[in-house]
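Understanding the architecture of this molecule
Residue strings, one per chain:
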4 protein chains.
Amino acid sequence: MQYEISGASRLPIYRQLVEQVREGIARGDLKPQDQLPSVRQMSRDLVVNPNTVARAYTELEREGLVANRPGRGVFVAEPRADLTKDARRKRLIETIDRLLTEAVNLGFSEEEVARLVAARSRQFHWNTPNSAPK
Amino acid sequence: MQYEISGASRLPIYRQLVEQVREGIARGDLKPQDQLPSVRQMSRDLVVNPNTVARAYTELEREGLVANRPGRGVFVAEPRADLTKDARRKRLIETIDRLLTEAVNLGFSEEEVARLVAARSRQFHWNTPNSAPK
Amino acid sequence: MQYEISGASRLPIYRQLVEQVREGIARGDLKPQDQLPSVRQMSRDLVVNPNTVARAYTELEREGLVANRPGRGVFVAEPRADLTKDARRKRLIETIDRLLTEAVNLGFSEEEVARLVAARSRQFHWNTPNSAPK
Amino acid sequence: MQYEISGASRLPIYRQLVEQVREGIARGDLKPQDQLPSVRQMSRDLVVNPNTVARAYTELEREGLVANRPGRGVFVAEPRADLTKDARRKRLIETIDRLLTEAVNLGFSEEEVARLVAARSRQFHWNTPNSAPK
DNA sequence: GTGGTCTAGACCACA
DNA sequence: GTGGTCTAGACCACC
């Protein structure tokens, strides 16, 4: 996978990295057990401070998306479901409401939003209903 | 409308206020020309500094969602749509991708997301396709 | 670039700063990716409160003219044009009418105004018609 | 002439009035010696505080655009030229530069601006070069 | 070092 | 009463 930080973004560098990994996993570009570049490698590639990369990895580990195996590297974790169905629903609904708020404020119609969501969905790597954690 | 701020949130107070007003407008709880609580009133209610409330209102004014009328109060503005279709689309798609990323990471299926989006949509106050800015 | 604020002006300090940066960009004295003086630097130079400078920068960011990169500084943004042609036209015409009103009240003739506008135009850094947003 | 205040404007009411009279004179809708509505009349018509109207008239008198004849009313003044040609030029150029700054920032081309200025000029009531104060 | 947020408290303009 | 501006000074996140 290709990582890049936009010096021009208002987003802190470490957050840009976190987002890219999160999205990489969601799109299926990163699969469980894939190894991420080492902190030093990544920091050289992107010309950023190693501390900044380490911080991004720490954040991702805290979320359970990657696992740090000391001495060997950082790997994409197996999907876990440490949250209850209810907690996960609640979290998703918050994000959905934020999306709908923005859509209404921007003047979109309900249909346009549904259509755009469906269109973008095709680019993601969905769990089959069966494999979804219960 | 009821406003509340949570000290526990990672979101700054003024952003929490902005979000709540935005959502109030999107849900139709706040209608054009409705008066918002005065800066001082709100600052007393929420026990925050008046400057913090004023900052939220200023931000909302810059977005065109409210109009500050010095000496008279702050009011919900008539909906405008100054942004090009392109700029608005781009902004929405970013939010959609964030949503889908989170949904996949949380283990939801494509259908579940579509269903939840449709369900939550009913609580919002959509523009009719005709009145939507082109 | 040289910045200066006049205590005698009826314009608030932060607006004076905003105007000067806007004009600097329009004249081409400030180019995309140029770094502006840091908040603290500028506040020392002009002997104003850092908050006042920060407010000017925030305002400019909301207009899309500069980008604030936390921890790194404030930079001139790449030109964007998110506003619809209509919204931009309306805004410009308001300013034009204010100009013409003043010109008439000051006793200038139509030709003098046109001539002066043309003369001053040469000092600005125009978009080529092709690169202008449609 | 018809006056109106937009409760929705961010501009103070008295300034809205000042602007309308200024523009009325510049467009030729108000001619020298025309009588303006009395403070009480105007305050009733627009449903605003008489103090607010009085304040607008005071401002206009200070600018020399109207003359208050105590006991008889407020009248549009004869065009005067109490400012030197140089002072008037300087003032106009400031406004022109503000216009050009905004035009460039909004992405207009030099030609578009010249065209728009010419178009709007036709709606104003220009002094003939001869009658212009020297 | 950079910008971002918040508080406390002051003074002004507007209605 | 309303909002708008400014200062002083604090603390935090980021690089």
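Each remark here, short or long, concerns the structure printed above.
Residues numbered from 1 in each chain as written. Chains lettered and ligands numbered in written order. Predicted model: local features only at pLDDT ≥ 70, side-chain atom pairs only at ≥ 80, totals over all residues. Heavy atoms only, no water.

With that out of the way, let us pick up the protein's contact with DNA strand E. Close contacts around DNA strand E come from 22 residues, with B:Ile13, B:Arg55, C:Arg40, D:Ile13 and D:Arg55 the closest. Among atoms of DNA strand E positioned within 4 Å of the protein, sugar and phosphate together represent 67%. One of the backbone nitrogen or oxygen atoms of C:Val39 is found 3.0 Å away from a phosphate oxygen of DNA strand E. Between DNA strand E and C:Gly71, the relevant distance is 3.3 Å, taken from a base oxygen to a main-chain nitrogen or oxygen of the residue. Element by element, the count of residues in the surface near DNA strand E is highest for helix H3 (residues 50-62) of chain B, at 3 residues. Looking at side-chain class alone, the surface near DNA strand E contains 9 nonpolar, 10 polar and 3 charged residues. (Near = heavy atom within 4 Å. Polar contact = N/O pair within 3.5 Å; in protein donor to acceptor, adjacent residues only side chain to side chain. Helix = DSSP H or I, 4+ residues; strand = E, 2+ residues; numbered from the N terminus. Nonpolar A, V, L, I, M, F, W, Y, C, P; charged D, E, K, R; others polar.)

So, on to the interface of chain A and chain B. If you look at the interface, chain A gives 45 residues, while chain B gives 45 residues. Approximately 4500 Å² of surface area, both sides summed, lies buried where chain A meets chain B, with 67% of it carried by carbon and sulfur atoms. Viewed at the interface, chain B and chain A are joined by 7 salt bridges. Within the residue set of the side of chain A that touches chain B, elements represented by two or more residues are helix H1 (13-27), helix H4 (85-106) and helix H5 (110-121) of chain A. In terms of residues, the side of chain A that touches chain B owes the most to one element, H4(A), which gives 18 residues. Across the side of chain A that touches chain B, the residue classes tally to 22 nonpolar, 8 polar and 15 charged. (Contact = heavy atoms within 4.5 Å. Buried area = accessible area lost by both parts, 1.4 Å probe. Salt bridge = Lys/Arg side-chain N within 4 Å of Asp/Glu carboxyl O.)

To continue, consider the packing of aromatic side chains. Scanning all chains against the criterion turns up 0 aromatic pairs over all chains. Taking NZ or CZ as reference, B:Arg55 lies 4.0 Å from the ring centre of B:Tyr14, over its face. (Phe/Tyr/Trp six-rings, centres within 6.5 Å; stacked < 30°, edge-to-face > 60°. Lys NZ or Arg CZ within 6 Å of the ring centre and 35° of its normal.)

This part covers the pattern of salt bridges. This structure, assessed with the given rule, holds 40 salt bridges over all chains. C:Arg62 is paired through a salt bridge with B:Glu63; the nearest N and O atoms lie 4.0 Å apart. In this pair, C:Arg62 sits in helix H3 (residues 50-62) while B:Glu63 sits in the loop between H3 and strand S1 (66-69), so the two residues belong to two different chains. C:Arg62 gets classed as partly exposed once you look at its relative accessible area, which sits at 32%. Of the residues examined, B:Glu63 reaches a relative accessible area of 26% and is grouped as partly exposed. Of the charged contacts in the structure, one is a salt bridge between C:Asp97 and D:Arg120, with a shortest N-O distance of 2.8 Å. In this pair, C:Asp97 is assigned in helix H4 (residues 85-105) and D:Arg120 in helix H5 (residues 110-121), connecting two distinct chains. Of the two residues examined, C:Asp97 and D:Arg120, each falls in the buried class. A single salt-bridge network, built from bridges that share partners, covers B:Arg15, B:Glu19, B:Arg22, B:Glu59, B:Glu63 and C:Arg62. (Buried < 20%, exposed > 50% of the residue type's maximum accessible area, 1.4 Å probe, protein only.)

Turning next to unusual backbone geometry. The backbone of B:Val47 shows a phi angle near 55 degrees, a positive value even though the residue is not glycine. Looking at the element boundaries, B:Val47 is found in the loop between helix H2 (39-46) and H3.

Right, let's get into the layout of surface pockets. Estimates place the volume of the second largest pocket at around 180 Å³. What lines the second largest pocket is a set of 13 residues, among which C:Ala114, C:Val117, D:Ala114, D:Val117 and D:Ala118 lie closest to the centre. Listed by contribution, the elements that provide at least two residues to the lining of the second largest pocket are helix H5 (110-121) of chain C together with H5 of chain D. Ranked by residue count, the leading element in the lining of the second largest pocket is H5(D), at 7 residues. Residues of the lining of the second largest pocket, tallied by class, amount to 8 nonpolar, 2 polar and 3 charged. (1 Å grid on protein atoms, 1.4 Å probe; cavity = no way out; pocket = protein on both sides within 12 Å on 5 of 7 lines; lining within 4 Å. Points joined across faces, edges and corners; volume = space filled by probe spheres on them.)

As a further point, take the protein's contact with DNA strand F. Contacts to DNA strand F come from 22 residues, most closely from A:Ile13, A:Arg55, B:Arg40, C:Ile13 and C:Arg55. Taking B:Arg40, its side chain carries an N or O atom lying 2.5 Å from a base nitrogen of DNA strand F. Broken down by secondary-structure element, the contributors of at least two residues to the surface near DNA strand F are H1 and helix H3 (50-62) of chain A, H2 and strand S2 (73-76) of chain B together with helix H1 (13-27) and H3 of chain C. When residues in the surface near DNA strand F are grouped by element, the largest group, 3 residues, is from H3(C). Residue composition of the surface near DNA strand F, by class: 9 nonpolar, 10 polar and 3 charged.

Let's shift gears to the relation of the copies chain A and chain B. Expressed as a screw transformation, the operator carrying chain A onto chain B has a rotation angle of 177 degrees and an axial translation of 0.1 Å, and the superposed copies differ by an RMSD of 0.8 Å. Overall, the copies show the geometry of a two-fold rotation axis. Residue by residue, 96% of the interface of chain A is reproduced at the interface of chain B, so both copies engage with the same surface. (Least-squares fit on C-alpha atoms with pLDDT ≥ 70 in both.)

Our next topic: the pairing of strand S1 (residues 66-69) of chain A. Residue and element names in this part refer to chain A. Bridge count for S1 against strand S2 (residues 73-76) is 4 bridges, and the pairing is antiparallel. Within S2, the position partnered with Val66 by the bridge is Val76. Here S1 hands over to S2 after 3 residues, with Gly71 in that stretch at a positive phi of 90 degrees. (Pairing = 2+ DSSP bridges.)

Moving on to the packing of H1(C) against H3(C). Residue and element names in this part refer to chain C. Where H1 contacts H3, the axes come no closer than 8 Å and their chain directions differ by 45 degrees. With respect to each other, H1 and H3 are oriented oblique. Remark: the crossing between H1 and H3 carries right-handed chirality. Between H1 and H3, the contacting residues are Ile13, Tyr14, Leu17, Val18, Val21 and Arg22 on the first element and Thr52, Val53, Arg55, Ala56, Glu59 and Leu60 on the second. (Axes fitted to C-alpha atoms, helices over the stretch in contact; angles between N-to-C directions. Parallel < 35°, antiparallel > 145°, perpendicular 65-115°, else oblique. Left-handed = near helix turned anticlockwise from the far one by under 90°.)

Remember, this is a structural readout, not a statement about activity or role.
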